[in-house]
Amino acid sequence: MLKIYNTFSKTVEEFIPLDPNEIKIYMCGPTVYDYFHIGNARSFVMADIVRRYLEYKGYKVKFIMNLTDVDDKIIKKSIEEKRSANEVTKDYISAFFDDITKLKIKKADVYPKATEHMSDIIEMIKNLEKRQFAYNKNGNVFYDVKKFNKYGKLSGKNIEELESGARIEINEEKKDPLDFSLWKKAKKGEPYWESPWGNGRPGWHIECSAMSCKHLGDTFDIHAGGSDLIFPHHENEIAQSEAANNKPFVKYWMHFGFLNINEEKMSKSLGNFFTAREVLKKYSAEAIRMFFAQAYYRGPLNFSEELLASAEKGLEKITNLVDKVNDELKKNNSGVKPEFDIQSFYKRFEESMDEDLNTSQAVAVIFDFVKEVNRIIASTDNIDASLYGNVITFLTKTADNVLGIVDFNKTAAGDDKLIGELVKLLIKLRTEAKQNKNYKLSDTIRDRLKELGVDLQDSKEGTNYKISK
Ligand SMILES: [Zn+2]
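Residues numbered from 1 in each chain as written. Predicted model: local features only at pLDDT ≥ 70, side-chain atom pairs only at ≥ 80, totals over all residues. Heavy atoms only, no water.

**Thoughts on the overall build of the chain**
- What the chain contains, in helices and strands, is 15 helices and 15 strands.
- Overall, the chain is about 85 × 60 × 40 Å in size when its C-alpha atoms are taken along their principal axes.
- Going through the 469 residues of the chain one by one, you find that 51% of them count as buried.
- Long-range contacts, defined as pairs at least 24 residues apart, comprise 75% of the intrachain contacts of the chain with a sequence gap of at least 6.
- With the model as given, the accessible surface of the chain reaches about 23,300 Å², and the carbon-plus-sulfur share is 49%.
- If the 72 positive side-chain charges of the chain are averaged to one point and the 73 negative ones to another, these points end up 3 Å apart. (Helix = DSSP H or I, 4+ residues; strand = E, 2+ residues; numbered from the N terminus. Buried < 20%, exposed > 50% of the residue type's maximum accessible area, 1.4 Å probe, protein only. Contact = heavy atoms within 4.5 Å. Areas by Shrake-Rupley, 256 points an atom, 1.4 Å probe, with all protein chains shown as cover. Lys, Arg positive; Asp, Glu negative; His and termini not counted. Charge placed at Lys NZ, Arg CZ, Asp CG, Glu CD.)

What follows is the structure in structure tokens.
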């Protein structure tokens, strides 16, 4: 039985889906005005592991992640770069997809954009106004926090405390400093949409309420995000959605801890951050994912190149085993079936993951497994191929499909394939050189390949190659 920590109840709860046929997850996505940093990558990867583990357990999962493409920061960037907000978001959306693909994050079912859900957003604000949870002041619409008596429940704050701590914003239109914007009146030169309150654009919080409702319904299973979003963003989402729909919003709230640098929170405003793409230039996606998985998802994690390098090194143990096993599998040997309780490893893996996603223990189980298989291989002669098949299946189901920390293409089998493709490419270039009577180049290609142990054999049918190792 899977148990997860619910930020709302502040306890570890059994996970019981609302509908066992389909689990619905909403994850707050990026504001697309820049490359995302490695701290955001931690949240995205951990949410990906949650989703993959639910799929491992046999659930069908509907996963939604929004893209915030209307925002003050986007407008600021578009002014700085002297181009439209649309052009800015288009570039960073495509960069976002490049980076999550490199990080081996499974695609969401839908990536709703705020700009494509204006009518849903406007409808929800109208509904809130009708139910007297919202008020319009000169084209600016605010949420009336005092009207929602559960406000503060998620973050564990009470309204009085919040009010005394709130910065007094110079905004005479708000009735209360805690009230937040649902609709912002258009300023000169800013992108705007028509609405019953005049031209303007939505606040940030309302887009998640409107889009989660549109794609997952009034109530859904898991809402996830970075822990910096608990207050005010998720608190405000609850206030909006529950007031508008008069139904519970979310069953389980999951939050991912900060990634710190030198024990300090990583943030754009502090200037102490690395983008995910910078880190991906130095370390493999598998090493980055393992570095994240080795820490408890809710707690803070200190960014450490040392730990990343050691994750990279540790992963070689898995890759080496996969190479060895693939070689043996090719022989398809029938022989000794050594005593090996592989089920106990599945059980330990599942027990770790079921215990509030204890991924660091799950990683340890995988390394124990690798060690045990190596021991068996070293101590047994003439092993039956079925053992090797079971080893690959285990690693595929756990280390690859759930944690995403093995790259089967990086193993020797993948290298062979790559080498084959590269030699074929060189043969093609040599043939073209010959056709262009550039014999100097065609001979150089042949001679250099020979030095590397690749013999080219020309015949009427074309050129073949042989690798002498
Ligand atoms: Zn959100």
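Let's pick the thread back up.
**A look at the coordination of the zinc ion**
- Only C28 (SG), C208 (SG), H233 (NE2) and E237 (OE) from the protein coordinate the zinc ion, and they sit 2.1 to 2.7 Å from it.
- Geometry at the zinc ion is irregular, judged from the four donor atoms that bind it and their angles of 71 to 134° at the metal.
- Counting gaps between the donor residues of the zinc ion yields the pattern C-x179-C-x24-H-x3-E. One end of the pair, C28, is in the loop between β3 (23-27) and α1 (38-56); the other, C208, is in helix α6 (residues 204-216), with 180 residues separating them in the sequence. Each member of the pair, C28 together with C208, is buried. (Donors = N, O, S within 2.8 Å, 3.2 Å for Na, K, Ca; no water. Tetrahedral: all angles 85-135°; square planar, octahedral: opposite > 155°, others 65-115°.)

**Some points on the sheet that holds strand β8 (residues 200-202)**
- Reading across the sheet, the four strands line up as β5-β6-β7-β8 and stay open at both edges, with antiparallel pairing between neighbours. Of all strands in the sheet, those bounded by a partner on one side alone are β5 (134-137) and β8. Between one strand axis and the next, the sheet turns by 20° as a mean value, whatever way the strands run.
- In this sheet, β8 lies alongside strand β7 (residues 180-185) in antiparallel orientation, the contact comprising three bridges. Pairing of K185 across the sheet is with G200, part of β8. (Pairing = 2+ DSSP bridges. Axes fitted to C-alpha atoms, helices over the stretch in contact; angles between N-to-C directions.)

**Thoughts on the packing of helix α4 (residues 118-130) against α6**
- Following both chains from N to C, one finds α4 and α6 inclined at 105°, their axes separated by 9 Å at the closest point. It follows from the interaxial angle that α4 and α6 lie roughly perpendicular. Where α4 approaches α6, its residues D120, I121, M124, I125 and L128 are matched on the opposing element by I206, E207, S209, A210, C213 and K214.
- Looking at the contact of α4 with α6, its residues break down into seven nonpolar, one polar and three charged. (Parallel < 35°, antiparallel > 145°, perpendicular 65-115°, else oblique. Nonpolar A, V, L, I, M, F, W, Y, C, P; charged D, E, K, R; others polar.)

**Some thoughts on unusual backbone geometry**
- The omega torsion of the bond from F231 to P232 falls at 0°, within 30 degrees of zero and hence cis.
- Here P232 shows up in helix α7 (residues 230-245).
- Even without glycine at this site, N332 takes up a positive phi of about 50°.
- Relative to the assigned elements, N332 resides in the loop between α10 (305-331) and α11 (342-354).
- Residues other than glycine seldom take positive phi values, yet D356 does so here, at roughly 50°.
- Within the fold, D356 resides in the loop between α11 and α12 (359-379).

Honestly, that's just the spatial picture; any functional story needs more than this.
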